[in-house]
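Here is how the chains run, residue by residue.
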Amino acid sequence: MNTLEEVGEFTQIFDALMSLMRKFLFRVLCVGPIPTNISFIMDGNRRFAKKHNLKGLDAGHRAGFISVKYILQYCKEIGVPYVTLYAFGMDNFKRGPEEVKCVMDLMLEKVELAIHQAVSGNIKGVRIIFAGDLNSLNERFRAAAQKLMEITEENRDLIVVVCVAYSTNLEIVHAVRESCVKKCKNGDGAVVLEVSDVEGCMYTSAVPDPDLVIRTGGGDRLSNFMTWQTSRTLLHRTEALWPELGLWHLVWAILKFQRMQDCLQKKKKLD
Ligand code: IPE
Ligand code: MG
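Residues numbered from 1 in each chain as written. Chains lettered and ligands numbered in written order. Predicted model: local features only at pLDDT ≥ 70, side-chain atom pairs only at ≥ 80, totals over all residues. Heavy atoms only, no water.

## Looking at the overall build of the protein chain
- The number of helices and strands found in the protein chain is nine helices and six strands.
- Dimensions along the principal axes, computed over C-alpha positions, put the protein chain at roughly 80 × 45 × 35 Å.
- Expressed as a percentage of its 271 residues, the buried residues of the protein chain come to 43%.
- Intrachain contacts of the protein chain at a sequence separation of at least 6 include 76% that bridge at least 24 residues.
- For the protein chain, the computed accessible surface area is about 15400 Å², with 56% contributed by carbon and sulfur atoms.
- Taking the average place of the 35 positive charges on the side chains of the protein chain and the average place of its 32 negative ones, the gap between the two points comes to 4 Å. (Helix = DSSP H or I, 4+ residues; strand = E, 2+ residues; numbered from the N terminus. Buried < 20%, exposed > 50% of the residue type's maximum accessible area, 1.4 Å probe, protein only. Contact = heavy atoms within 4.5 Å. Areas by Shrake-Rupley, 256 points an atom, 1.4 Å probe, with all protein chains shown as cover. Lys, Arg positive; Asp, Glu negative; His and termini not counted. Charge placed at Lys NZ, Arg CZ, Asp CG, Glu CD.)

In structure tokens, the structure reads:
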């Protein structure tokens, strides 16, 4: 056996052991309540690139995609039904045009890869939904996002909402406009909007409100991310940069959610 084969065999054994360890760990974790929707404010990609001396405008963001892959896999294994990812906020468009283009190109590359994997059956059970002002994105990205949404539509193991060109104030304005248009079509009198009308037209209306928001990169702001939907949500911040977020950070955040259950339930009743 040559060295390459030995390395391959060792990797397979290591992966199998890690998978077994996770199975055991998640079984214990599932004794307590599991959040229905975990949302991630993915921050710290550029600091990660700087910290590790990675070259290229997209280096940190590329590293961030590796975290996305693993975190989604762990959430699926735990049995979390919904995950929301804050991938690119409206404010991020204020960055230099070169960086914006770089991130958009990278996202397109990953969406096209996901389409390829979904078609060949490599991302089984995962449904992808894009939320945000998709009309403000370029035609090729929009078409790819639409295709990925369509081919994963029937999947139910894990529903992933990717917020792109998103901000809560934009989402609310969009939802108010949409619900006005709907109400005007239905009647001819003055338009009276209910909270439920607006909620039904939000970009993220397909998913329940997050139970747990995890923000990486040490920040403790919501940065215009689902502020309407998070009035009763537990916010967990970690100093880990997004590409550093791993299994133990996720488990720790869920354990905190479980420890806080009594308090969170009492608050829900008082509202
Ligand atoms: C978050 O990481 C990723 C996106 C907003 C696309 P940043 O790019 O904000 O990285 P830092 O926070 O500057 O390190
Ligand atoms: Mg940042």
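## Thoughts on the pairing of strand S4 (residues 158–166)
- Across the nine residues of S4, nine count as buried, placing the element largely inside the fold.
- In the sheet, strand S2 (residues 82–89) pairs with S4 via seven bridges, with the strands oriented parallel. Bridging across to S4, Thr84 finds its partner in Val161.
- When strand S3 (residues 126–131) meets S4, the two strands line up parallel, connected through six bridges. (Pairing = 2+ DSSP bridges.)

## With respect to helix H6 (residues 168–186)
- A rise of 1.5 Å per residue sets the reference length of H6, with its 19 residues, at 27 Å; its end C-alpha atoms lie 27 Å apart and thus fit the reference within 8%.
- Within the span of H6, buried status applies to Thr168, Glu171, Ala175 and Ser179. The buried residues of H6 all sit within an arc of 55° when viewed along its axis, so they share a single face. Facing away from the buried surface of H6 by more than 90 degrees, the exposed residues are Arg177 and Lys185.
- Looking at the buried residues of H6, the elements they touch are S4 and helix H7 (195–200). (Expected span 1.5 Å × (residues − 1). Arc of directions from axis to C-beta.)

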